[in-house]
Amino acid sequence: MAAADTPSASLRHHDLCSRGIRLARKMRSDVTDLLDIYVEQQGLDASISVAAVEGVPAAAAERWAEQTGTQRLLDNLAAYRAFRVLLAQMLEEQREQLGDANGELGPALAAVLLQVSAFAYHLEELLELESRRTPAEEGSEPPAPPRLSLFEQKLRGLGVLRELAQWAVRSVRDLRQLAKHGPGSSAALGLADSQ
Amino acid sequence: DSHIQYERVGADVTMKCGSMDWDAAVTWMANGTDIDDSHLNGSYLILKNVDLTQSGQYFCYEGSSWHLKYQTILRVGVPPKEPVLMCRSNNYPKGFYCSWHLPSPTYIPNTFNISVIHGTREMVCEKDVFPKNRCHIRYLQLFSTVKYKVTLTVTNALGKNSTSLTFDEFAIVKPDPPESVVAKPVPNNPRRLEVSWQNPSSWPDPESFPLKFFLRYRPLILDQWQHVELSDGTSHTITDAYAGKEYIIQVAAKDNDIGTWSDWSVAVHATPWTEEPKHLTTEVQITETTSTSTSSFMPPPTTKICDKGAGVGSGAVAVCWTAGLVLAAYGVLFI
């Protein structure tokens, strides 16, 4: 904890938070574009409702304002690690279905997957700065995707991307709270006056 | 206690005089005026195709004794049309409010009932004391992909109607306009205006949920606006204003990441700084008198207004040139 309190640690913390916010905003913009491409190429209605998808981390948070900085980082890291696996599965499914005729979707998916991986790494750096051990990823092999029909796969993919877009917005907010309270503030509540 | 009777515009209304027989002699009065026999069928009062002017108090008296046998309040109105409903979050992430109105009056009392569903959860919309047609909801969750469904039902004695809105958390976020917009000239800068404003007071946490701003400005004499988007800060210096022209300036706000732009703020007016013109007027008059007696005219090498000791920078150069041209023009006129 002492390391987190030094001026250089504060500067690094601030720098990591600022860069993280920029990464998250870029990611959100690209995920929004990806959603448009996905909906069009999968022949879906953009307004279709998708029920909560199993295995997809929900961005929704109760008592969000009361979370500690560490909790925010851990929740974000768990989410983006999960999205890394989910997007890789989606990319594989696209390649199996469409082969080389992947069009725009494959490259757009791959680009977002790269950003998600980079963001997860960024979160790990922030956690280390908080002098927190980065939790190990569970298992070496990702869980096998559920057996779904083609249409169910498409809907699941839509659910994944929509939830990822929400997470990108949430991450911006989480990192701002983190920046506001400084490093080593795991005991400090992320209490905004808002809630 | 008076009984209230609600009837639709255009309906035919029959009023019985309490328990009086049909053939009893009675007198009906409405709002203090006798009703003539043409509206009576025996002791029944018949009002055909009622209109709004026939709302009021109706009394029925027994013929000879003038005992009051029946009274009622007739209220003529219409069933409610589909209400207009809007929901908005101007205090994100605290919550949102919904407000409503009827597109046209019903002329009789209405009650409004609102329900808010988020997924499977029913949420409470707390009615505001003022205005009456508004209620607010506190967010229990943030960043949810599950949509909210708000249903408003309006009911009166003649019927009911309802409308629904479905939206997600981000879509309804719209701050109030920025407050305390101030625009000032910048001393010794004829093309600049300094604009400052404050976050809307209803936005609860601008540090954690910063706003970005859109500024628009134009001289009053032109219709075309100039626009500037500002991602942070609550001030901006306009550097391309037309010298001496009065400007109108407005600012709008938006959450940095979600929702829509606010309405434009109250407009403020400002005129860029200009140098005091009084010395110029005095010198021109004196020089004009002198130049009428010469056949060729040379502008004077220096005048008081071009005194470099004045220290007014580039503005002074423009004034010196202008004075020289004016003097030359007068010289030409009087040759």
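Since the structure is predicted, the reported quantities are computational estimates derived from the model, not experimental observations. (Residues numbered from 1 in each chain as written. Chains lettered and ligands numbered in written order. Predicted model: local features only at pLDDT ≥ 70, side-chain atom pairs only at ≥ 80, totals over all residues. Heavy atoms only, no water.)

Further remarks concern the interface of chain A and chain B. With 22 residues of chain A at the interface, the matching set in chain B holds 23 residues. Surface buried jointly by chain A and chain B totals about 2,100 Å² across both partners, of which 48% is contributed by carbon and sulfur atoms. Where chain A packs against chain B, one counts six salt bridges. Between Arg173(A) and Asp257(B) there is a salt bridge, and its shortest N-O distance comes to 3.7 Å. If you look at where chain A meets chain B, you find 12 residue pairs in polar contact (both at pLDDT 80 or more). (Contact = heavy atoms within 4.5 Å. Buried area = accessible area lost by both parts, 1.4 Å probe. Salt bridge = Lys/Arg side-chain N within 4 Å of Asp/Glu carboxyl O. Polar contact = N/O pair within 3.5 Å; in protein donor to acceptor, adjacent residues only side chain to side chain.)

So, on to the packing of aromatic side chains. Under the definition given, this model contains 20 aromatic pairs over all chains. Residues Tyr148(B) and Phe167(B) carry aromatic rings whose centres are separated by 5.9 Å and whose planes lie at 15° to one another, so their mutual orientation is stacked. A residue pair is termed long-range when its members are at least 10 positions apart, and Tyr148(B) in strand 16 (residues 148-156) and Phe167(B) in strand 17 (residues 159-167) qualify at 19 residues. Given a relative accessible area of 1%, Tyr148(B) falls into the buried group. The structure contains a cluster of three or more aromatic residues connected by ring pairs, namely Trp64(A), Tyr92(B), Phe96(B), Tyr139(B), Phe143(B), Tyr148(B), Phe167(B) and Phe209(B). The ring of Trp225(B) has Arg216(B) lying over it, and the distance from NZ or CZ to the ring centre is 4.1 Å. (Phe/Tyr/Trp six-rings, centres within 6.5 Å; stacked < 30°, edge-to-face > 60°. Helix = DSSP H or I, 4+ residues; strand = E, 2+ residues; numbered from the N terminus. Buried < 20%, exposed > 50% of the residue type's maximum accessible area, 1.4 Å probe, protein only. Lys NZ or Arg CZ within 6 Å of the ring centre and 35° of its normal.)

Okay, the nonpolar core next. Counting 96 residues, the largest nonpolar core has Tyr80(A), Leu87(A), Tyr92(B), Phe96(B), Leu215(B) and Ile249(B) as its most contacted members. Excluding anything up to four places from it in sequence, Phe96(B) contacts Cys87(B), Arg88(B), Ser89(B), Asn91(B), Val116(B), Cys135(B), His136(B), Ile137(B), Tyr139(B), Tyr148(B), Phe167(B) and Ile172(B). Membership of the second largest hydrophobic core comes to 15 residues, among which are Val13(B), Met15(B), Trp28(B) and Leu74(B). (Core = buried A, V, L, I, M, F, W, Y, C linked by side-chain atoms within 4.5 Å.)

Let us now look at helix 1 (residues 7-41) of chain A. Spanning 35 residues, helix 1 of chain A covers 50 Å between terminal C-alpha atoms, matching the ideal 51 Å at 1.5 Å per step. Backbone geometry just downstream of helix 1 of chain A places Gly43(A) in the positive-phi region, at approximately 65°. (Expected span 1.5 Å × (residues − 1).)

Further remarks concern the sheet that holds strand 1 (residues 3-8) of chain B. Residue and element names in this part refer to chain B. What the five strands build is an open sheet, ordered 1-8-7-3-4; its pairing is mixed. The outermost strands of the open sheet, each flanked by one partner alone, are strand 1 and strand 4 (33-34). As paired strands, strand 7 (residues 56-62) and strand 8 (residues 68-77) are joined by six bridges and run antiparallel to one another. Bridge pairing in strand 8 places Gly-56 opposite Leu-74. (Pairing = 2+ DSSP bridges.)

So, about the environment of Arg191(B). Residues and elements named next belong to chain B. The topology assignment puts Arg-191 in strand 19 (residues 189-198). Sequence separation of Arg-191 and Trp-273 is 82 residues, and the distance between their C-alpha atoms is 7.5 Å. Once residues within four sequence positions are removed from consideration, Arg-191 is found in contact with Ile-238, Thr-239, Asp-240, Ala-241 and Pro-272. Of note is the side chain of Arg-191, whose polar atom sits 3.5 Å from the backbone oxygen of Asp-240. Side-chain polar atoms of Arg-191 contact the backbone oxygen of Ala-241, separated by 2.9 Å.

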